[in-house]
Amino acid sequence: MSRIGTIARRTFLVGSVAIAGGVAFGYYQYRKPHANPLLDELGEGEAALTPWVQINADKITLITPHSDLGQGAASMQAMLLAEELDLEFGQFEISPGVPSPAYYNTALADEGVPFNSHDHSFPADAMRGILGVVVKIMGVQGTGGSTSVPDSFDKLRTAGAVARETLKKAASEKSGINTTALKTASGKVILPDGTEYSYQELAPIAAGIEPVTRVKLREPSEWRLIGKEVQRLDILAKSTGTQTYGIDLEMDGMVHAAVKVNPRQGGALNSYDASAAEGMRGVLKIVEVTNGVAVVADNTWRAFQAAEAITFDWGPAPYPADMDGHWAEVANSFVEERLDAEWRNDGDVATALASGQSVEAEYRAPYVAHQPLEPLNALVLMEGGRVDIWVGHQFPRFAQQKVAEVAGIDPEAVHFHQQFSGGSFGHRLEFENITLATEIAMQMPGTPVKLTFTREEDFAHDYPRQIGMARGVGRVKDGKVDAIDLQVATVSSTDSQIARLGQSAPPGADTQIAAGAWNQPFAVPNFRFRAYKVPPLSPTSSWRSVGASSQGFFASAFLDELIHAAGADPLEERLRLCNHDIARKVLETVGDMSSWGTDPGENRGRGLGFVDSFGVPVAEVVEVTNTGDGIRIDKVFVAADVGRVVDPVNFDNHVKGGVVWGLGHAMNCEITYADGMAEQANYFDHEGMRLHQCPEIVVKGLENASRIRGIGEPPVPPAAPALAAAIFDATGIRLREMPFNKFVDFV
Amino acid sequence: MKLNVNGKVHDVDVEEDMPLLWVLRDELKIKGVKFGCGVAACGACTVHLDGMAVRSCQTFAGDVGEAEITTIEGMGTPDAMHAVQQAWVEHQVAQCGYCQSGQIMQAASLLAENPVPTDADIDDAMSGNLCRCGTYPRIRAAVKTAAARLKEA
């Protein structure tokens with residue numbers, strides 16, 4: 001039996017169950033079965049079964065519980081199931097299913113960590129750290145931390161294989177022919193004489209037999225879909241305006257709501273005057289919500305207009321009103337009392353720094369907003385003791401819990417309907433749209449209420465990426481990097497998120513303050529890394545690539561400064577220091593792709609960034625031209641190793657998107673507070689990257705790593721340091737603070 | 001007032017200053033046109049008025065008059081796509097897809113006016129349409145493919 005087969009038998013016991021007119025294939029939890037609310041009639045030990053594959057007379061439905069935020073998770077999950085089940089795209093429907101404990105523990109239990117527990121290599125520890133945070137924060141079915149592929153890869157192929165083998169067994173019972181003589185293809189079991197049984201016609205038989213749980217997964221050479229260029233399931237809908245997002249939902253009798261909540265986040269509503277709004281056309285109701293007021297109207301725009309007509313007296317912000325106060329708190333955090341952890345202390349840093357040429361630098365990373373293009377929204381109906389909510393969210397189970405708390409009902413009475421999201425980048429990990437919509441709906445029982453945030457409201461209540469600083473001291477010797485003492489201080493987005501969940505911070509250090517910096521694959525002889533936790537300021541949250549988005553910049557950029565001081569080549573010196581074969585190949589590959597070492601040309605520069613985050617080493621080379629009118633980014637080369645590229649088209653698109661995300665925000669974006677309020681109100685203040693600034697991007701996915709990993713976040717962190725290095729190469733200007741457009745112009 | 005949308009005349013009872021975006025989405029339930037920013041900063045709400053791309057969030061309903069309004073639904077359907085939509089499928093441009101209706105409408109307007117756009121023309125025409133997922137490299141490629149296909153037709 002293959003390794004996968006062994007894992008499947010040990011951890012993924014899979015069962016089947018009869019459903020109305022058909023069969024559903026799913027998982028047993030091993031160790032701790034959860035009661036399954038859907039299948040109460042089952043006997044003990046079968047209770048945790050939850051379907052991934054449902055087949056009845058009408059159709060085949062594949063359940064894809066990881067949320068699709070635009071990253072293609074639904075299509076990827078369906079591909080893994082369809083690969084083993086021998087289905088073609090077009091032969092099945094997909095459904096996000098309902099939130100259920102059965103979808104999570106298999107994913108996030110210790111066994112879910114994609115490394116052997118005895119493996120203490122640096123990516124193993126890094127990944128466990130990430131998942132540790134994920135588990136601590138979510139503890140439940142969740143989408144985040146670039147875990148959808150690693151979580152799904154074995155599980156869903158196993159589920160597909162179990163369904164296939166059980167259908168073959170059903171066909172064997174029907175035909176009397178041994179299963180070993182049966183084949184499957186395109187949704188059918190095929191007998192030796194060519195007779196075909198469709199899965200649908202076999203479903204009633206499959207429902208009545210013991211499922212086959214010992215399955216052998218196919219070898220990569222046999223794959224039809226994985227690793228091949230396939231058309232994403234949602235691409236047609238998304239090219240024709242027919243994809244429905246949460247914001248598009250309609251329901252009979254539905255009303256439209258807008259909110260205005262104290263823009264000083266967490267501040268109180270002292271008083272308000274809604275008299276001007278009350279008589280406005282279409283206004284149905286004006287109600288108070290936590291720290292604000294909601295307008296309900298017969299049209300979204302009328303609700304927006306009326307909300308705008310209300311005047312407010314807002315209470316103060318429960319954090320420093322201005323940026324000077326925020327930065328002072330960060331700068332004051334490099335002290336023993338605020339030390340979160342000393343993550344590493346190799347060699348003898350103190351002695352090494354006592355002599356020779358030293359380099360010192362200080363770096364800053366600002367607050368940055370998520371602002372996916374679909375504004376926050378939620379549709380809620382409260383009726384007859386139950387609440388239904390339709391929304392796109394990364395944590396369905398927590399969303400359910402939040403609604404239950406607001407409505408004062410059991411979570412079981414909250415029916416969550418997952419929607420496709422118009423982007424997230426971490427924004428849909430939060431709950432304000434959900435709790436506010438529930439508060440409004442509670443005041444209008446029986447009426448479906450759709451809350452839509454204006455872009456301004458969305459900006460005002462975005463919980464941005466953490467603010468942070470780094471202080472580095474290093475020494476170079478004999479043309480080599482000899483010592484690094486790097487200290488990072490950031491607020492803890494983990495703690496901020498956990499506090500909003502009503503939980504206390506988990507014990508132990510916050511891995512995200514150190515992510516992308518302490519665990520890089522470079523054997524600097526003397527290396528110390530200390531992480532300091534800044535006391536809570538304004539609320540922050542996970543932003544695409546989380547801690548590594550700022551700490552990866554600090555670490556990669558400081559290493560670049562030291563290499564320059566040593567007079568060494570940025571690629572050669574990293575290769576000399578590199579102590580990890582997978583990372584080395586990534587660096588060598590990007591060097592080859594970019595013709596590293598050749599003359600970039602007049603007024604041009606080339607820079608290298610490397611960050612390993614989420615267990616994925618990514619190297620990026622950025623090429624720029626100093627045009628005289630500003631810096632132009634010409635081209636970016638990216639090499640990344642995820643172990644296995646499941647969907648090459650989506651991988652390519654995702655990596656490019658991550659580069660655009662990393663570059664655009666490093667160049668152009670920050671959230672700043674004045675009088676306790678975000679000064680950026682709409683995209684013209686914080687636009688990321690637009691098409692005219694977008695470089696050509698060349699991507700290569702490597703498959704040398706032994707374990708499969710996700711690509712949603714890892715391309716982001718190396719972009720900023722690679723761009724800073726390229727600008728230094730072209731202009732001699734060292735950029736140590738984002739956004740870079742405070743210091744240089746971009747064309 | 002009467003509005004001609006995708007070849008069909010609708011009678012709507014709305015304020016003169018209601019943005020066309022909200023007439024389409026909330027009154028006529030045409031959902032392919034998206035709300036992104038409300039201030040013409042993102043382009044998600046792009047539709048055509050007599051073939052020309054406009055931001056429907058900044059176009060008053062009362063100003064449309066007899067102009068023919070075309071939304072993404074009027075460009076083509078999954079079974080009968082416009083050349084620009086075909087190119088978008090071929091290049092698998094979309095990630096979250098929320099901006100793509102606006103991108104496609106903007107691209108179609110560009111190509112109607114300028115069938116052989118240079119890279120600079122594409123940059124100029126498309127830079128008002130924000131894509132937070134960063135699909136720009138595929139948008140550029142798809143515009144070029146659509147241009148070639150329209151030229152053949």
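Residues numbered from 1 in each chain as written. Chains lettered and ligands numbered in written order. Predicted model: local features only at pLDDT ≥ 70, side-chain atom pairs only at ≥ 80, totals over all residues.

Moving on to the overall build of chain B. Tallying secondary structure elements over chain B gives six helices and five strands in all. Starting at the N terminus and ending at the C terminus, chain B contains elements arranged as β-β-α-β-β-β-α-α-α-α-α. On C-alpha atoms alone, chain B measures out to a radius of gyration of 15 Å, which is about the 15 Å that the 2.2 N^0.38 rule sets for 153 residues. Based on the C-alpha atoms only, the size of chain B along its principal axes is roughly 40 × 30 × 25 Å. Per-residue burial over chain B gives 58% buried out of 153 residues. (Helix = DSSP H or I, 4+ residues; strand = E, 2+ residues; numbered from the N terminus. Rg over C-alpha atoms; globule rule 2.2 N^0.38 Å. Buried ≥ 20, exposed ≤ 12 C-beta atoms within 10 Å, placed from the backbone.)

Another aspect to go through is the overall build of chain A. A count of helical and extended segments in chain A gives 21 helices and 28 strands. Burial statistics for chain A: of 747 residues in total, 60% are counted as buried. Here the analysis covers contacts within chain A between residues at least 6 apart in sequence; of these, 78% occur between residues at least 24 apart. (Contact = placed C-beta atoms within 7 Å.)

For the rest of this paragraph, the subject is the packing of helix 18 (residues 570-577) of chain A against helix 19 (residues 581-593) of chain A. Packed helix pairs are characterised by how far apart their axes lie and by the angle those axes make with each other. All names here are of chain A. Running from N to C, helix 18 and helix 19 point in directions that differ by 160°, and their axes come no closer than 10 Å. Here helix 18 is positioned roughly antiparallel relative to helix 19, judged by the angle of their axes. The handedness of the crossing between helix 18 and helix 19 is left-handed. Facing Leu571, Arg574 and Leu575 of helix 18, the residues of helix 19 in contact are Arg584, Leu587, Glu588 and Gly591. (Axes fitted to C-alpha atoms, helices over the stretch in contact; angles between N-to-C directions. Parallel < 35°, antiparallel > 145°, perpendicular 65-115°, else oblique. Left-handed = near helix turned anticlockwise from the far one by under 90°.)

The next thing to look at is the sheet that holds strand 6 (residues 183-185) of chain A. All names here are of chain A. A sheet is described by the order of its strands in space; here three strands give the open sequence 6-7-8, paired in antiparallel fashion. Edge positions in the sheet fall to strand 6 and strand 8 (196-198), since each has one partner strand and no second. The sheet shows a mean angle of 30° between the axes of neighbouring strands, taken without regard to direction. In the sheet, strand 6 pairs with strand 7 (residues 188-190) via three bridges, with the strands oriented antiparallel. Across the sheet, the residue bridging to threonine 184 is valine 189, located in strand 7. Packed onto the sheet, helix 5 (residues 148-175) meets strand 6, strand 7 and strand 8 and runs at close to 55° relative to strand 7. Packed on one face of the sheet, helix 6 (residues 199-207) meets strand 7 and strand 8 and runs near 70° to strand 8. (Pairing = 2+ DSSP bridges.)

Listed by partner, the interface residues are 53 residues for chain A and 49 residues for chain B. Within the residue set of the side of chain A that touches chain B, elements represented by two or more residues are helix 7 (235-239), helix 9 (300-309), helix 20 (648-668) and strand 28 (696-702) of chain A.

Attention now goes to the sheet that holds strand 11 (residues 283-289) of chain A. All names here are of chain A. If you walk across this open sheet you meet the seven strands as 11-12-9-19-16-17-18, and the pairing is mixed. At either margin of the open sheet sits one strand with a lone partner, and together these are strand 11 and strand 18 (414-418). Recorded for the sheet is a direction-independent mean angle of 20° between the axes of neighbouring strands. Strand direction decides the pairing type here: strand 11 and strand 12 (residues 292-297), joined by six bridges, are antiparallel. Across the sheet, the residue bridging to valine 289 is glycine 292, located in strand 12.

We now examine the domain arrangement of chain B. Residue and element names in this part refer to chain B. By the assigned domains, chain B splits into domain 1 (2-75) and domain 2 (83-152). One C-alpha centre belongs to domain 1, the other to domain 2, and the line joining them spans 20 Å. Each partner contributes to the interface: domain 1 provides 15 residues, whereas domain 2 provides 14 residues. Broken down by secondary-structure element, the contributors of at least two residues to the side of domain 1 that touches domain 2 are strand 3 (46-49), strand 4 (52-55) and helix 2 (72-75). (Domains from an automatic or database assignment.)

The next subject is the pairing of strand 1 (residues 2-5) of chain B. All names here are of chain B. Because side chains alternate across strand 1, one face comprises the buried residues Leu3 and Val5, and the other comprises Lys2 and Asn4, none of which is buried. Where strand 1 lies against strand 2 (residues 8-11), four bridges are found, and the strand directions are antiparallel. The residue of strand 2 that forms the bridge with lysine 2 is aspartate 11. When strand 1 meets strand 5 (residues 68-70), the two strands line up parallel, connected through two bridges. Bridge pairing in strand 5 places valine 5 opposite isoleucine 69.

What follows is about unusual backbone geometry. Residue and element names in this part refer to chain A. For the bond running from methionine 738 to proline 739, omega is -5°, close enough to zero to count as cis. A positive phi is found at aspartate 478, a non-glycine position, where the angle reads about 55°. Tracing the backbone through its elements, the reader meets aspartate 478 in the loop between strand 20 (468-477) and strand 21 (480-491). In this structure, phenylalanine 614 is a non-glycine residue whose phi angle is positive, near 55°. By secondary structure assignment, the location of phenylalanine 614 is in the loop between strand 23 (604-613) and strand 24 (616-626).

Before going further, it helps to spend a moment on the confidence of the model for chain B. Averaged over all residues, the pLDDT of chain B equals 97, while 100% of them reach at least 70. Here the predicted complex scores 0.92 on pTM and 0.98 on ipTM. (pLDDT = per-residue confidence, 0-100.)

Among the nonpolar cores identified, the biggest contains 252 residues, and Ala257(A), Val295(A), Ile389(A) and Leu723(A) are the most heavily contacted of them. Not counting chain neighbours up to four residues away, the residues in contact with Val295(A) comprise Ala257(A), Ala258(A), Ala277(A), Val283(A), Ile286(A), Ala303(A), Ala306(A) and Ala307(A). (Core = buried A, V, L, I, M, F, W, Y, C linked by C-beta atoms within 7 Å.)

Residue and element names in this part refer to chain A. Along strand 21, 11 of the 12 residues are buried, which leaves the element largely enclosed by surrounding structure. As judged from the 10 bridges shared by strand 20 and strand 21, these two strands associate in the antiparallel manner. Paired with valine 473 across the two strands is aspartate 485, which belongs to strand 21. Two successive antiparallel strands, strand 20 and strand 21, enclose a turn made up of two residues, where aspartate 478 displays a positive phi of approximately 55°. Where strand 21 meets strand 22 (residues 526-534), nine bridges bridge the pair, whose relative direction is parallel. Pairing of glutamine 487 across the sheet is with arginine 530, part of strand 22.

Turning our eyes to something else, we now look at the UniProt feature "domain: Aldehyde oxidase/xanthine dehydrogenase a/b hammerhead" (unreviewed entry) in chain A. Per the UniProt record, the feature "domain: Aldehyde oxidase/xanthine dehydrogenase a/b hammerhead" (unreviewed entry) sits at residues 240-318 of chain A. Secondary structure over residues 240-318 of chain A splits into 18% helix and 37% strand, and the C-alpha atoms at its two ends are 46 Å apart. (UniProt positions renumbered as here; feature names shortened; annotations may be inferred.)

Quick look at the packing of helix 17 (residues 548-566) of chain A against helix 21 (residues 719-731) of chain A now. Residue and element names in this part refer to chain A. Contact pair helix 17 / helix 21: the axes reach a minimum separation of 8 Å and the direction vectors enclose 30°. On the basis of their axis angle, the class for helix 17 and helix 21 is roughly parallel. Relative to helix 21, helix 17 is oriented so that their crossing is right-handed. From helix 17, Gly552, Phe553, Ser556, Ala557 and Asp560 reach across to helix 21, where they touch Ala720, Pro721, Ala724 and Ala725. Classifying every residue of the contact of helix 17 with helix 21 gives six nonpolar, two polar and one charged. (Nonpolar A, V, L, I, M, F, W, Y, C, P; charged D, E, K, R; others polar.)

Moving on, we get to helix 4 (residues 100-113) of chain B. Relative to the 20 Å expected for 14 residues at 1.5 Å per residue, helix 4 of chain B spans 20 Å between its end C-alpha atoms, a close match to the ideal helical length. Those residues of helix 4 of chain B that sit buried are Gln100(B), Ser101(B), Gly102(B), Gln103(B), Ile104(B), Met105(B), Gln106(B), Ala107(B), Ala108(B), Ser109(B), Leu110(B) and Leu111(B). (Expected span 1.5 Å × (residues − 1).)

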